[in-house]
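Next come the chains, spelled out residue by residue.
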Protein chains: 2
Amino acid sequence: MAIGSRTARPRSSVWLSERKAPKRKGDQQPVGLDHLKIVAATMRLLDAEGLSGFSMRRLAAELGVTAMSVYWYVETKDHLLELALDAAMGEIALPIEAVGSIEAVGSVEAVGSVEGHEYAPAEPRDWREQLRQVASEYRRVLVRHPWLPALLGEYLNIGPNAVVFNNAALAVMRNSGLPDDRITSALALVYQFVYGFGTIEGRFAARCRAAGVTQDELFHEMMGTVEDRMEFDEARQIMEARGGSTVEEMQDRDFTFALDLAIAGIETLRER
Amino acid sequence: MAIGSRTARPRSSVWLSERKAPKRKGDQQPVGLDHLKIVAATMRLLDAEGLSGFSMRRLAAELGVTAMSVYWYVETKDHLLELALDAAMGEIALPIEAVGSIEAVGSVEAVGSVEGHEYAPAEPRDWREQLRQVASEYRRVLVRHPWLPALLGEYLNIGPNAVVFNNAALAVMRNSGLPDDRITSALALVYQFVYGFGTIEGRFAARCRAAGVTQDELFHEMMGTVEDRMEFDEARQIMEARGGSTVEEMQDRDFTFALDLAIAGIETLRER
DNA sequence: ACCTGAACACCGTTCAAGT
DNA sequence: ACCTGAACACCGTTCAAGT
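As annotated in an unreviewed UniProt entry, chain A carries the name TetR/AcrR family transcriptional regulator C-terminal domain-containing protein and is attributed to Streptomyces endocoffeicus.

Listed below in structure tokens is the structure:
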């Protein structure tokens, strides 16, 4: 099988529980295993094999260590995955204008994220530009880590990097000029869209990689299968009108125009 | 743990492989086990225990049968979950105007779905009304079955009911007046939004059920935790401006206005 | 045609024990 | 302070066997 598992629903989050080890730096012998290496190896494994290919035992083997050693650093597999999740959130490059106080960024380090957020070099720009940047960065990270959506769905995503991201997203939307009581709606529209879009895009790419075919090959194969199955005149007509000769082009067009729709909607309803 | 598992990525879909059994009706002894009952029990278990609480062995026990009996009817756990996924898609009530040819509906039955699509009683209406209906129906089903998003992310979702749903969604959007080459974008914006929105809404509700608290209780608890953690003036201001005294009210407001934004965007860009 | 039981290769995690 | 090995309770699935 591919999803689902046996133990009970987790009731806690890494971010809501105490650190397992004080994690002081100048310790005696550097044994070659620590939080950073473990999370990095976790992400490498997840990228390469997917969530279903990941197990604590596989990870230990990857680290050249016995199955249970990892448990000295990490409470459960769930906590480890939450760390990987927040590390991925940290890869979303945010417009510098949207990143708030230095304290927020400092607290990222304080709770032990793997890497801080990256910041795109940018001068202050239009809120639309900033929105487009955050959206497409988020999309890129979702595609790069196809395991991310499952974790986003499973855990609370209140890690330090997630908080920075959410604040930045909110800051950008506040510049749109929408009244305060509409901001959460607009945020939901844009980011849930990006989430869903990036999810299927990343999954499709991963599927192609696993099957050893190009995206265009798999796309045409699937279209063929579906067309064989039933009458699809309407759908086919739309698909052909979609434009773009490659899957990548179609995706970029769809993504860009969908964002344009959302932005146009915001601008239109702002005036009312 | 809660997600991920051990076996390799599935390369096939129920919908792309042959039926295991010819499934003829007038057989000798009715043993009390069949496709319908199995899928129904699966959905009941998933609703009650979640994806992580579901296993072939639990299901067999639920059916009062030995662990391996189910395998006579169903090839793998993955295939069974695909059947449950499409059955859930069939619960989305579609506006009768948007449901195409009778053949499409006929083919639903032909491939053995659990129940056909429901059709809301409706006279022909504005495309905006239809869009709102499909969106909120989709949302309702996502909330009712919190395991649905994980399955939607994992499998191809090309079952008969999914095909009917997609065609209906497309038919509605075609009535918006957008040019053909923009339809897929608009569909992505609306349905990925609903998917993401319904996902977190359903997950939140499930979490409350599991913890035995009301949604409002958990919401305030979480707000408290997050506020304690770091400076959150902006976010708090927005949250307070959000309006609505209960979580449910906030969610309904957010959902409705986000859809309004999308519709306004479609209408605005349609004119250009 | 339908169902069972034993077995296999995997899990996450606990726990006592090593150094 | 860090790592190991054996063990427990669970998986999905195969396979030979029952009726």
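(A) Local environment of the environment of B:Pro179. Residues and elements named next belong to chain B. Topologically, Pro 179 is positioned in the loop between α7 (160-174) and α8 (183-211). Exposure remark for Pro 179: the relative accessible area of 39% places this residue in the partly exposed category. Once the C-alpha coordinates of Pro 179 and Arg 270 are considered, the two residues, 91 residues apart in sequence, prove to be 7.4 Å apart.

(B) Up close: the packing of aromatic side chains. Tallying each qualifying case throughout the model produces 15 aromatic pairs over all chains. Consider the rings of A:Phe197 and A:Phe255, whose centres lie 5.3 Å apart with planes at 55 degrees: the pair is tilted. Of this pair, A:Phe197 sits in helix α8 (residues 183-211) while A:Phe255 sits in helix α11 (residues 247-271); the two residues are 58 residues apart in sequence, bridging distant segments of the chain. A:Phe255 matches A:Phe197 in its accessibility class, with the two residues each being buried. Seen from their ring centres, B:Phe193 and B:Phe197 are 5.5 Å apart, and the 55 degrees between their planes marks the pair as tilted.

(C) Structural detail: the UniProt feature "DNA-binding region" (unreviewed entry) in chain A. According to UniProt, the feature "DNA-binding region" (unreviewed entry) maps to residues 55-74 of chain A in the numbering used here. Strand forms 0% of residues 55-74 of chain A and helix 35%; the C-alpha atoms that close the span are 14 Å apart.

(D) Spotlight on the pattern of salt bridges. Enumeration according to the criterion identifies 28 salt bridges over all chains in this entry. Across the salt bridge formed by A:Asp254 and A:Arg242, the nearest N and O atoms sit 2.8 Å from each other. Of this pair, A:Asp254 sits in helix α11 while A:Arg242 sits in the loop between α10 (233-241) and α11, placing them 12 residues apart in sequence. Accessibility assignment for this pair places A:Asp254 and A:Arg242 in one class, buried. B:Arg139 is the salt-bridge partner of B:Glu201, the closest N and O atoms lying 2.8 Å from each other. Pair noted here: B:Glu201 is in helix α8 and B:Arg139 is in helix α5 (residues 127-144), with a separation of 62 residues, a long-range link. Relative accessible area serves as the criterion here: at 10%, B:Glu201 is assigned to the buried category. Through salt bridges that share partners, A:Asp126, A:Arg128 and A:Glu267 make up one connected network.

(E) Layout of the packing of α8(A) against α8(B). Where α8(A) contacts α8(B), the axes come no closer than 7 Å and their chain directions differ by 95 degrees. For the element pair α8(A) / α8(B), the angle class is roughly perpendicular. Across from A:Ala188, A:Leu189, A:Gln192, A:Phe193, A:Tyr195, A:Gly196, A:Phe197 and A:Ile200 in α8(A), the residues of α8(B) making contact are B:Ala188, B:Leu189, B:Gln192, B:Phe193, B:Tyr195, B:Gly196, B:Phe197 and B:Ile200. Broken down by class, the residue content of the contact of α8(A) with α8(B) amounts to 12 nonpolar, 4 polar and no charged.

Cut-offs and rules
- Residues numbered from 1 in each chain as written.
- Chains lettered and ligands numbered in written order.
- Predicted model: local features only at pLDDT ≥ 70, side-chain atom pairs only at ≥ 80, totals over all residues.
- Heavy atoms only, no water.
- Helix = DSSP H or I, 4+ residues; strand = E, 2+ residues; numbered from the N terminus.
- Buried < 20%, exposed > 50% of the residue type's maximum accessible area, 1.4 Å probe, protein only.
- Phe/Tyr/Trp six-rings, centres within 6.5 Å; stacked < 30°, edge-to-face > 60°.
- UniProt positions renumbered as here; feature names shortened; annotations may be inferred.
- Salt bridge = Lys/Arg side-chain N within 4 Å of Asp/Glu carboxyl O.
- Axes fitted to C-alpha atoms, helices over the stretch in contact; angles between N-to-C directions.
- Parallel < 35°, antiparallel > 145°, perpendicular 65-115°, else oblique.
- Contact = heavy atoms within 4.5 Å.
- Nonpolar A, V, L, I, M, F, W, Y, C, P; charged D, E, K, R; others polar.

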